[in-house]
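Residue strings, one per chain:
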Amino acid sequence: LAFQNFAKVLFEVPAGILSDYFGNKKALIISNCIFSLGFVSYGLGTTFYQFLFGAFFYALAQNLLSGSDSSLIYNALKKENKAHLFSKAFGKKWAFFAYGIAISSISVPLLDFENKRWLFFLSAIASFLSSSFIFNIKQESSDEKGKISKKELLSSLKNIFIYKDLFYVTIVIAMSST
């Protein structure tokens, strides 16, 4: 868990840059596919380092999801002149997330799998399939394309490591949050 938190902080800026490059909808699709890889890594993992791969994928997926989902919600509401309902809609999003956690925490122990690894594989399948729902999300044409060019993408990612202050702040935040 400490590595996952560390990786999450390290990926926060690069994932935001990638989300800007690909656009919110594609970032969510990529995020769900990477979540699937993380779950498969956890399911297949038998060593500490294999679990680190799962944590790596999971952290990257969380960061690609972060911001992209709220952006899509806000843009959809704005399109219908209901942007003032964003807090309520975002609250409902978190409520559904909490309901899902509650349902799974009650139902999963009732599933009598001899090998509990199957739970990770089921999660991977569910995460991958949820991408199909994202394809149904309608976006404004300006939102479909990323907001930055490939050159800006590479430059932004490179700057994280070139500018020592940005790099050190990222490391300090990562270490203090783990």
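Residues numbered from 1 in each chain as written. Predicted model: local features only at pLDDT ≥ 70, side-chain atom pairs only at ≥ 80, totals over all residues. Heavy atoms only, no water.

(A) Spatial organisation of the overall build of the chain. Summing up its helical and strand segments, the chain has nine helices and zero strands in all. Mapped in sequence order, the helices and strands of the chain form the string α-α-α-α-α-α-α-α-α. Taking all 178 residues of the chain together, the buried fraction comes to 26%. Pairs at least 24 residues apart make up 76% of the contacts formed inside the chain by residues separated by at least 6 positions. With an accessible surface of roughly 11,800 Å², the chain has 68% of that area assigned to carbon and sulfur atoms. (Helix = DSSP H or I, 4+ residues; strand = E, 2+ residues; numbered from the N terminus. Buried < 20%, exposed > 50% of the residue type's maximum accessible area, 1.4 Å probe, protein only. Contact = heavy atoms within 4.5 Å. Areas by Shrake-Rupley, 256 points an atom, 1.4 Å probe, with all protein chains shown as cover.)

(B) Focus on the packing of aromatic side chains. Here the structure, examined in full by the defined rule, presents 14 aromatic pairs. Seen in terms of ring centroids, Tyr21 and Phe22 are 5.1 Å apart; in terms of plane orientation they differ by 75°. Their pairing is edge-to-face. With a relative accessible area of 31%, Phe22 lands in the partly exposed category. A centroid spacing of 5.3 Å and a plane angle of 85° characterise the contact between Trp94 and Phe97, whose relative ring orientation is edge-to-face. With Trp94 and Phe97 both in helix α5 (residues 86-107), this residue pair falls three residues apart, about one helical turn. Owing to a relative accessible area of 43%, Trp94 belongs among the partly exposed residues under this scheme. Through a chain of ring-to-ring contacts, the aromatic side chains of Tyr74, Phe86, Phe90, Trp94 and Phe97 assemble into a single cluster. Here the guanidinium or amino end of Lys93 rests over the ring plane of Trp94, the centre of that ring lying 4.0 Å away. (Phe/Tyr/Trp six-rings, centres within 6.5 Å; stacked < 30°, edge-to-face > 60°. Lys NZ or Arg CZ within 6 Å of the ring centre and 35° of its normal.)

(C) Here's a closer look at the packing of helix α1 (residues 2-22) against helix α3 (residues 48-65). The interhelical angle for the contact between α1 and α3, taken along N-to-C directions, is 40°, at an axis separation of 7 Å. Considering their axes alone, α1 and α3 lie oblique with respect to each other. Judged by the twist between their axes, the crossing of α1 over α3 is right-handed. Within the contact between the two elements, α1 uses Phe3, Gln4, Ala7, Lys8, Phe11, Glu12, Ala15, Leu18 and Ser19 and α3 uses Leu52, Ala55, Phe56, Tyr58, Ala59, Leu60, Gln62, Asn63 and Leu64. Of the residues assigned to the contact of α1 with α3, the class counts are 12 nonpolar, four polar and two charged. (Axes fitted to C-alpha atoms, helices over the stretch in contact; angles between N-to-C directions. Parallel < 35°, antiparallel > 145°, perpendicular 65-115°, else oblique. Left-handed = near helix turned anticlockwise from the far one by under 90°. Nonpolar A, V, L, I, M, F, W, Y, C, P; charged D, E, K, R; others polar.)

(D) Broad picture of the nonpolar core. Grouped together as the largest cluster of nonpolar side chains are 11 residues: Ala7, Phe11, Ala15, Ile34, Phe35, Phe39, Ala59, Leu60, Ala61, Leu64 and Ala124. Taken together, the elements giving at least two residues each to this core come down to α1, α2 (24-44) and α3. Looking at this core, the element that brings in the most residues is α3, giving four residues. If we skip the residues at most four places from it in the chain, Leu60 touches Phe11 and Ile34. (Core = buried A, V, L, I, M, F, W, Y, C linked by side-chain atoms within 4.5 Å.)

(E) Main features of the environment of Ser127. With respect to the helices, strands and loops of the structure, Ser127 is situated in helix α6 (residues 117-134). Judged by relative accessible area, Ser127 falls into the buried class, the value being 8%. Distance from Ser127 to Ile34, taken between C-alpha atoms, is 8.9 Å for residues 93 residues apart in sequence. Contact partners of Ser127, with chain neighbours within four places excluded, come to Asn32, Phe35, Ser36 and Phe39. A polar atom in the side chain of Ser127 sits 3.0 Å from the backbone oxygen of Asn32. (Polar contact = N/O pair within 3.5 Å; in protein donor to acceptor, adjacent residues only side chain to side chain.)

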